[in-house]
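# Inside the fold
Spelled out, the chains give:
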Amino acid sequence: MKLRTELALTFDDVLLVPRRSSIRSRRAVNTQTQFSRRIALSIPIVSSNMDTVTESAMALAMARLGGIGVIHRFMSVERQAAEIERVKRAEGFMVEHPLSVPADASVQQARNILAAHNIGGLLVRGNNGEVLGLVTTRDLLFERDADLPVTAVMTPREQLVTLSPGTSLDAARETLHRHRVEKLPVVDGTGQLQGLVTARDIIQIEQWPDATKDDRGRLRVAAAVGVRPSDEDRAAACVQAGADALVVDIAHGHADTAIGMIRALKAHFPEVDVIGGNVATAEGVRDLVEVGADAIKVGVGAGSICITRLVTGFGVPQLTALDECAAAGHALNIPIIADGGIRIAGDITKALAVGSSTVMLGSLLAGTDESPGAAVIRKGRRYKVVRGMASLSANINRQEIDQRREIDPEDWERVVPEGVEAMVPARGPVHDVVHQLVGGLRSGLSYAGAATIEELWANAEFIRITAAGRHESEVHDVTM
Ligand code: XMP
């Protein structure tokens, strides 16, 4: 038995001491950072791999804002791959494998595909893969005969404006404008389809200059996988769908199962970054990095919906955990992701200042429009559900997905939850929430006299505070 008697701290136990600053405005700071060894971000924010936080809508929004989302794994492999594909297809100056239908597809089949993928147009292809035409939502809108072949309503090949492979972004924009069209199939000399350029994609690219993109101009996305042997198949499907990083998602990541999984993923998918976790000690960081982890997720029991510390007695208060883990991460040149317990913008600055490269947010983003699930109304106010991934309902859902059957309520008692189900106020678009959080961080950097997150690491000085100090930090002695 060992008893460590030094005080372990979390965000509310400390404040950052203001430092002399030459920063003239919040705009003068740079929030660039590393999510993992090879993936850079413009803002240090990652949306959590929870089923009430990150599916494709959240991942898309996060990547456009300059962060990244981790698509959760509590769904079938096929669905997770489809969620990833939706992000990878969303943007990019040219869609490389645009969806198409054969000439004998019906109007109804085309409608179904457009709705399922939330897109506005489909190429119609001939028997040898050649482009026969283009069918868009406008062609289908008022067509009464759903059984009609798409060839009857499409714009035929000879009337289509097309591009040849290798056309630049500027030339594509010019062609869209000159012909007043919204879609340009990219067709090679033999008539074979090579891609599709859409006005919507070009507008998106220009609207989000800080977006997190891969070297082909597509938005980046990460995918969570578990540690069972079958998760290697899940990982393969995610990589095939275009995942840029795999996050090994296990509550106690300093475990042989997690170490084995990281090693296997690194061996099979050397082109994607693998994130290990969750750990709360320097030894945990070192053991996962030793087998190849490209970033480490830190946080045991810190999350808003976690009861791991209550149920098991284990955990390390988050600021101390980050301090210890970041020292190990910096020595190995591996970024640390501060996962759990972030409630306000100031917590983000503290989590980064202690040495983390990014923060992972769960309940703070669960109330936004982009999180999965609809809002519920309680006493006239709108809320969204957030639940721990080790909560009772998440556990039962997971078993139902794995076993493809309903779990008998009598079996529910066997579950020992380490998380809870809860509600958070609906907060509107994630863009607005992230804008506030990053605004707070930018201000924080200027208080630290730091133009970058690396300078924040160097300049940060924490001071421990008392309960009275904390009370003084909050709004006090006024009626809100
Ligand atoms: P926040 O505070 O941002 O935390 O909501 C999100 C993180 O909490 C972790 N998480 C859990 N931890 N039991 C736990 O002990 C759970 O059921 C649970 N679900 C999520 C996870 O690391 C997440 O990113």
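Check the entry above for the structure.
No experiment lies behind these values; they were computed from the predicted model shown. (Residues numbered from 1 in each chain as written. Predicted model: local features only at pLDDT ≥ 70, side-chain atom pairs only at ≥ 80, totals over all residues. Heavy atoms only, no water.)

Buried within helix α5 (residues 169-179) are the following residues: A172, T175 and L176. For α5, the arc enclosing every buried residue in end-on projection is 100°, short of the 170-degree limit, so these residues lie on one face. Exposed and oriented more than 90 degrees from the buried face of α5 are D170 and R178. Among the structural elements, β10 (183-187), β11 (193-198) and α6 (199-207) are those in contact with the buried residues of α5. Just past α5, the residue R180 takes up positive phi, approximately 50°. (Buried < 20%, exposed > 50% of the residue type's maximum accessible area, 1.4 Å probe, protein only. Helix = DSSP H or I, 4+ residues; strand = E, 2+ residues; numbered from the N terminus. Arc of directions from axis to C-beta. Contact = heavy atoms within 4.5 Å.)

A word on the pattern of salt bridges. Per the stated rule, a full pass over the model turns up 24 salt bridges. A salt bridge links R220 to D244, with the nearest nitrogen and oxygen atoms 3.0 Å apart. With a gap of 24 residues between them, R220 in the loop between α6 and β12 (222-225) and D244 in the loop between α7 (231-241) and β13 (245-248) connect regions that are remote in the sequence. D244 carries the same exposure label as R220, and that label is buried. For D294, the salt bridge identified is with K266, shortest N-O distance 2.8 Å. One end of the pair, D294, is in the loop between α9 (282-290) and β15 (295-298); the other, K266, is in helix α8 (residues 256-268), and 28 residues separate them in sequence. Judged by its relative accessible area of 1%, D294 is buried. Overlapping salt bridges bring together K88, D214, R218, R220 and D244 as one network. (Salt bridge = Lys/Arg side-chain N within 4 Å of Asp/Glu carboxyl O.)

Formed by 94 residues in total, the largest nonpolar core has its most connected members in I45, L246, L265, I296, V359, L365 and V434. Among all residues touching L365, those that are not within four sequence positions of it are S47, V53, M58, M62, S371, V430, V433 and V434. Grouped together as the second largest cluster of nonpolar side chains are 14 residues, F35, A245, I275 and M360 included. (Core = buried A, V, L, I, M, F, W, Y, C linked by side-chain atoms within 4.5 Å.)

Glancing now at a nonpolar patch on the surface. There is a patch of nonpolar side chains on the surface, built from L310, V311 and V416 and spanning about 310 Å² of accessible area. As for its placement among the helices and strands, V311 is situated in helix α10 (residues 308-312). The exposure class of V311 is partly exposed, given its relative accessible area of 39%. (Patch = residues over 30% accessible without salt bridge, like charges linked within 9 Å, V, L, I, M, F, W, Y side chains within 5 Å. Areas by Shrake-Rupley, 256 points an atom, 1.4 Å probe, with all protein chains shown as cover.)

What follows deals with the packing of helix α12 (residues 345-353) against helix α15 (residues 430-447). Closest axis-to-axis distance for the α12/α15 pair is 8 Å, and the angle between their directions is 50°. Put simply, α12 runs oblique to α15. Relative to α15, α12 is oriented so that their crossing is right-handed. Where α12 abuts α15, its residues A345, I348, T349 and L352 lie against Q436, L437, G440, L441 and G444. Residues belonging to the contact of α12 with α15 are distributed by class as follows: 5 nonpolar, 4 polar and no charged. (Axes fitted to C-alpha atoms, helices over the stretch in contact; angles between N-to-C directions. Parallel < 35°, antiparallel > 145°, perpendicular 65-115°, else oblique. Left-handed = near helix turned anticlockwise from the far one by under 90°. Nonpolar A, V, L, I, M, F, W, Y, C, P; charged D, E, K, R; others polar.)

Each pair of packed helices gets described by two things: the angle between the helix axes and the distance between those axes. One can describe the packing of α7 onto α8 by two numbers: an axis separation of 11 Å at closest approach and a directional angle of 40°. Between α7 and α8, the crossing angle belongs to the class labelled oblique. With respect to the hand of their crossing, α7 and α8 are arranged in right-handed fashion. In contact with D231, E232 and A235 of α7, α8 contributes M261, A264, L265 and H268. Residues of the contact of α7 with α8, tallied by class, amount to 4 nonpolar, 1 polar and 2 charged.

In this section: the pairing of strand β7 (residues 121-125). Burial within β7 is extensive, with 4 of its 5 residues counted as buried. The sheet contact formed by strand β6 (residues 100-102) and β7 spans 3 bridges and is parallel. The residue of β7 that forms the bridge with P102 is R125. Pairing analysis gives 5 bridges linking β7 to strand β8 (residues 131-136), with the strands arranged antiparallel. Bridging across to β8, L122 finds its partner in V135. (Pairing = 2+ DSSP bridges.)

Pairing is parallel in the closed barrel, where 8 strands are placed in the order β4-β5-β12-β13-β14-β15-β16-β17. Shown here is a sheet whose adjacent strand axes are inclined to one another by a mean of 25°, direction ignored. Strand direction decides the pairing type here: β12 and β13, joined by 4 bridges, are parallel. Each residue of the ladder has a partner; that of V225, found in β13, is V248. Here helix α1 (residues 56-65) sits on the sheet and contacts β4 (45-47) and β5 (68-71); the angle it forms with β5, its principal contact strand, is near 160°. Contacting β12 and β13, α7 runs over the sheet at an angle of about 170° to β12.

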